[in-house]
Protein chains: 2
Amino acid sequence: MPAKPYHHGNLRRALIQAALDIARDQGADRVSLRRVARQAGVSHAAPYHHFPDRSALIAAVAEEGFRSLSDAVQAVERSVAPPLERLHAAGVAYVVFAVTNPEQFRLMFSREIADTSPFPELNAAALAARGVLERAVAESRATRAVTTSEAVELAAAWALVHGLATLIIDGQLGAEAMSPDGAASLSRSAINSFWSQAAQ
Amino acid sequence: MPAKPYHHGNLRRALIQAALDIARDQGADRVSLRRVARQAGVSHAAPYHHFPDRSALIAAVAEEGFRSLSDAVQAVERSVAPPLERLHAAGVAYVVFAVTNPEQFRLMFSREIADTSPFPELNAAALAARGVLERAVAESRATRAVTTSEAVELAAAWALVHGLATLIIDGQLGAEAMSPDGAASLSRSAINSFWSQAAQ
DNA sequence: GCCTAATCTTTCCGCTGTCAACATCATGGA
DNA sequence: TCCATGATGTTGACAGCGGAAAGATTAGGC
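**Student:** For this particular structure, what's the right way to read the overall build of chain A?
**Tutor:** Of regular secondary structure, chain A possesses eight helices and zero strands. Along the three orthogonal principal directions, the C-alpha set of chain A runs to about 70 × 35 × 30 Å. Within chain A, the fraction of its 200 residues that count as buried is 52%. Summarising the internal contacts of chain A: among those between residues at least 6 apart in sequence, 65% fall at separations of at least 24. Of the accessible surface of chain A, which amounts to about 9400 Å², a share of 53% is contributed by carbon and sulfur atoms. Charge separation in chain A, taken as the distance between the mean sites of 19 positive and 20 negative side-chain charges, equals 5 Å.

Structure representation (structure tokens):
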């Protein structure tokens with residue numbers, strides 16, 4: 001049994017996991033290449049054989065995040081049939097995902113991977129996640145009196161849940177909202193509030 | 001005429017301005033203490049006589065940002081009378097401010113000043129800005145059939161405009177939305193879309 | 001079984017935030 | 001008026017960071 005083999009075996013995977021652990025435990029801003037390498041028990045330059053630079057590591061972590069987000073939203077969608085309620089449930093799931101994985105969520109929307117062109121797989125995962133929300137919006141349109149374009153409705157829906165997510169995990173909507181249950185409850189209310197005020 | 005006086009005169013002010021310039025020109029993530037000091041024509045340790053650490057500089061820049069935001073929203077509010085339209089206009093102004101000053105907006109919500117307890121003046125400015133939106137929400141409630149709590153309505157309204165702001169400046173809602181006019185138009189549509197879908 | 005390429009380490013660079021020690025100067029009390 | 005003190009600025013140091021270069025080690029195909 002080799003105590004410390006020269007080659008790691010699956011360092012790429014281990015680095016992504018280490019980044020996730022550090023983000024979860026110490027915050028997304030503390031995810032440095034050197035710290036990640038240290039946590040993975042490897043020299044600080046080893047990551048460069050698996051990622052061209054720091055942003056590529058973040059992109060890999062974010063890519064997994066978008067896949068998890070897609071999965072989480074789709075799982076909730078499967079349990080709700082009526083299209084409008086489905087859309088609402090998808091929105092709540094988006095917020096709950098962010099509150100459950102706040103640091104990974106921050107990495108997913110961090111500035112250094114804003115330009116996804118160097119990371120086609122991240123781009124695909126992000127587009128897929130956006131597609132899930134897009135489909136929920138589109139399918140709900142058949143059941144409503146629609147006066148706005150689909151693009152605007154998608155933007156509005158996404159903005160609402162994304163705004164809730166970021167404000168909540170930044171602590172700006174109160175401490176109660178930072179628990180999954182609190183976040184779910186607040187999102188549900190917030191989403192409903194926009195439709196319950198028809199009388200102007 | 002002293003070419004370079006040993007004492008700057010108003011270095012604190014100059015450092016804040018330099019940080020703003022660097023953020024605007026090169027991005028919020030490139031605002032480093034040393035770069036700011038360099039831009040202000042001063043040694044790299046000089047800022048420490050005016051700010052205890054880097055986050056305090058950011059806090060000062062953010063503080064000014066929140067004041068500008070309050071001013072911008074209030075200026076628009078003054079030109080609109082009906083409470084609901086006023087609320088909508090305030091929301092559009094919030095988004096337009098973010099799109100007009102994207103890097104400063106990012107600094108205002110950057111992670112390192114998320115805990116405002118060390119910066120009471122930043123906290124006050126942020127609370128004041130939130131108060132402007134809060135008042136617009138509260139005053140509009142009298143003109144509507146209200147079924148949700150004020151707290152939830154505030155959260156929903158804030159989340160919608162904050163989500164629009166962050167998504168737009170991150171380029172996730174398309175390039176057209178990144179101009180002030182495009183942002184205003186999209187925000188108006190998005191805000192209206194939530195009220196025009198009463199028929200479920 | 002060996003050669004090549006992949007993987008990992010060591011060493012180096014410039015940049016960053018922060019601190020300590022020192023230099024300069026503005027200002028108010030004797 | 002002068003000078004001492006505190007405010008403001010500089011220099012130099014340190015550790016941690018992202019990244020490049022060069023050498024060590026090993027896995028895997030021929």
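**Student:** What should I look at first to understand the side chain of Arg141(A) in this one?
**Tutor:** Of note, Arg141(A) is situated in helix α6 (residues 120-141). Not counting the four nearest positions on each side in its chain, Arg141(A) is found in contact with Val146(A), Thr148(A), Ser149(A), Glu150(A) and Glu153(A).

**Student:** What should I look at first to understand the interface of chain B and chain A in this one?
**Tutor:** When the parts of a complex come together, some accessible area is lost, and that lost area is often used as the size of the interface. Chain B puts 38 residues into the contact, and the matching count from chain A is 38 residues. For the pairing of chain B and chain A, the buried interface totals around 3500 Å² over both sides, and the portion due to carbon and sulfur atoms is 62%. Where Asp170(B) meets Arg111(A), a salt bridge forms, and the shortest distance between an N and an O atom there is 3.5 Å. Among the secondary structure elements, those contributing two or more residues to the side of chain B that touches chain A are α7 (150-169) and α8 (180-193) of chain B. Broken down by element, the residue count for the side of chain B that touches chain A peaks at 14 residues, all from α7(B). Here the residues of the side of chain B that touches chain A are counted per class, giving 20 nonpolar, 12 polar and six charged.

**Student:** Help me understand the relation of the copies chain B and chain A, please; the structure alone is not making it clear to me.
**Tutor:** Between the two copies of the chain lies a rotation about an axis combined with a shift along it. Each copy superposes on the other: chain B lies on chain A with an RMSD of 0.0 Å after a rotation of 180° and an axial shift of 0.0 Å. Such a combination of rotation and displacement between the chain copies is what one expects of a two-fold axis. A shared interface surface links the copies, since 100% of the contact residues of chain B are contact residues in chain A too.

**Student:** Quick question: what am I supposed to make of empty space enclosed by the protein here?
**Tutor:** If a probe the size of a water molecule is rolled over the atoms, the empty space left behind becomes visible. Inspection of every chain in the model, using the stated rule, returns three cavities of 30 Å³ or more. The volume enclosed by the largest cavity comes to roughly 160 Å³. Taken together, 16 residues make up the lining of the largest cavity; nearest its centre are Leu87(A), Glu153(A), Ala157(A), Trp195(A) and Phe194(B). Listing elements by their share of the lining of the largest cavity, those giving two or more residues are α4 (83-100), α6, α7 (150-169) and α8 (180-195) of chain A. Among the elements that take part in the lining of the largest cavity, α7(A) stands out by supplying five residues, more than any other. A per-class count over the lining of the largest cavity returns 10 nonpolar, four polar and two charged.

**Student:** Before we go on, may I ask you to explain the packing of aromatic side chains in this structure?
**Tutor:** The geometry of an aromatic ring pair is captured by the separation of the ring centres together with the interplanar angle, meaning the angle of the planes. Applying the stated criterion to the full structure yields seven aromatic pairs over all chains. Centre to centre, the rings of Tyr94(B) and Phe105(B) are 6.0 Å apart; their planes meet at 85°, and the pair counts as edge-to-face. With Tyr94(B) in helix α4 (residues 83-100) and Phe105(B) in helix α5 (residues 102-108), this residue pair connects regions lying 11 residues apart in the sequence. Residue Tyr94(B) is classed as buried on the basis of its relative accessible area of 6%. With a centroid separation of 5.0 Å and 50° between ring planes, the pair formed by Phe105(B) and Phe109(B) is classed as tilted. Residue Phe109(B) is classed as buried on the basis of its relative accessible area of 16%. Ring-pair connections join several aromatic residues into one group, and the members of that group are Phe66(A), Tyr94(A), Phe105(A) and Phe109(A).

**Student:** Can you help me understand the pattern of salt bridges in this one?
**Tutor:** When the charged atoms of two side chains with opposite charge come close together, those side chains can pair. Tallying each qualifying case throughout the model produces 19 salt bridges over all chains. The salt bridge partner of Asp170(A) is Arg106(A), with a shortest N-O separation of 2.7 Å. Of the two residues, Asp170(A) sits in the loop between α7 and α8 while Arg106(A) sits in helix α5 (residues 102-108), which places them 64 residues apart along the sequence. Because the salt bridges share partners, they merge into one network encompassing Glu103(A), Arg106(A), Asp170(A) and Arg111(B).

**Student:** Help me understand the layout of surface pockets in this model?
**Tutor:** Its volume calculated, the largest pocket comes out at about 1200 Å³. Taken together, 31 residues form the lining of the largest pocket, with Phe109(A), Ser110(A), Arg111(A), Ser110(B) and Arg111(B) sitting closest to its centre. Residue assignment for the lining of the largest pocket shows that the elements contributing at least two residues are α5 and α7 of chain A together with α5 and α7 of chain B. Tallied by class, residues from the lining of the largest pocket come to 11 nonpolar, seven polar and 13 charged.

**Student:** I tried to follow the packing of helix α3 (residues 54-78) of chain B against α4(B) on my own but got confused; where do I start?
**Tutor:** A pair of packed helices is characterised by two quantities: the angle between their axes and the separation of those axes. Residues and elements named next belong to chain B. α4 packs onto α3 with a crossing angle of 145° between their chain directions and a minimal axis gap of 8 Å. Where α3 crosses over α4, the two elements pack in a sense that is right-handed. Seen from α3, the contacting residues are Gly65, Ser68, Leu69, Ala72, Val73, Val76 and Glu77; seen from α4, they are Arg86, Ala89, Ala90, Ala93, Tyr94 and Phe97. Per-class residue counts for the contact of α3 with α4 are nine nonpolar, two polar and two charged.

Conventions adopted
- Residues numbered from 1 in each chain as written.
- Chains lettered and ligands numbered in written order.
- Predicted model: local features only at pLDDT ≥ 70, side-chain atom pairs only at ≥ 80, totals over all residues.
- Heavy atoms only, no water.
- Helix = DSSP H or I, 4+ residues; strand = E, 2+ residues; numbered from the N terminus.
- Buried < 20%, exposed > 50% of the residue type's maximum accessible area, 1.4 Å probe, protein only.
- Contact = heavy atoms within 4.5 Å.
- Areas by Shrake-Rupley, 256 points an atom, 1.4 Å probe, with all protein chains shown as cover.
- Lys, Arg positive; Asp, Glu negative; His and termini not counted.
- Charge placed at Lys NZ, Arg CZ, Asp CG, Glu CD.
- Buried area = accessible area lost by both parts, 1.4 Å probe.
- Salt bridge = Lys/Arg side-chain N within 4 Å of Asp/Glu carboxyl O.
- Nonpolar A, V, L, I, M, F, W, Y, C, P; charged D, E, K, R; others polar.
- Least-squares fit on C-alpha atoms with pLDDT ≥ 70 in both.
- 1 Å grid on protein atoms, 1.4 Å probe; cavity = no way out; pocket = protein on both sides within 12 Å on 5 of 7 lines; lining within 4 Å.
- Points joined across faces, edges and corners; volume = space filled by probe spheres on them.
- Phe/Tyr/Trp six-rings, centres within 6.5 Å; stacked < 30°, edge-to-face > 60°.
- Axes fitted to C-alpha atoms, helices over the stretch in contact; angles between N-to-C directions.
- Left-handed = near helix turned anticlockwise from the far one by under 90°.

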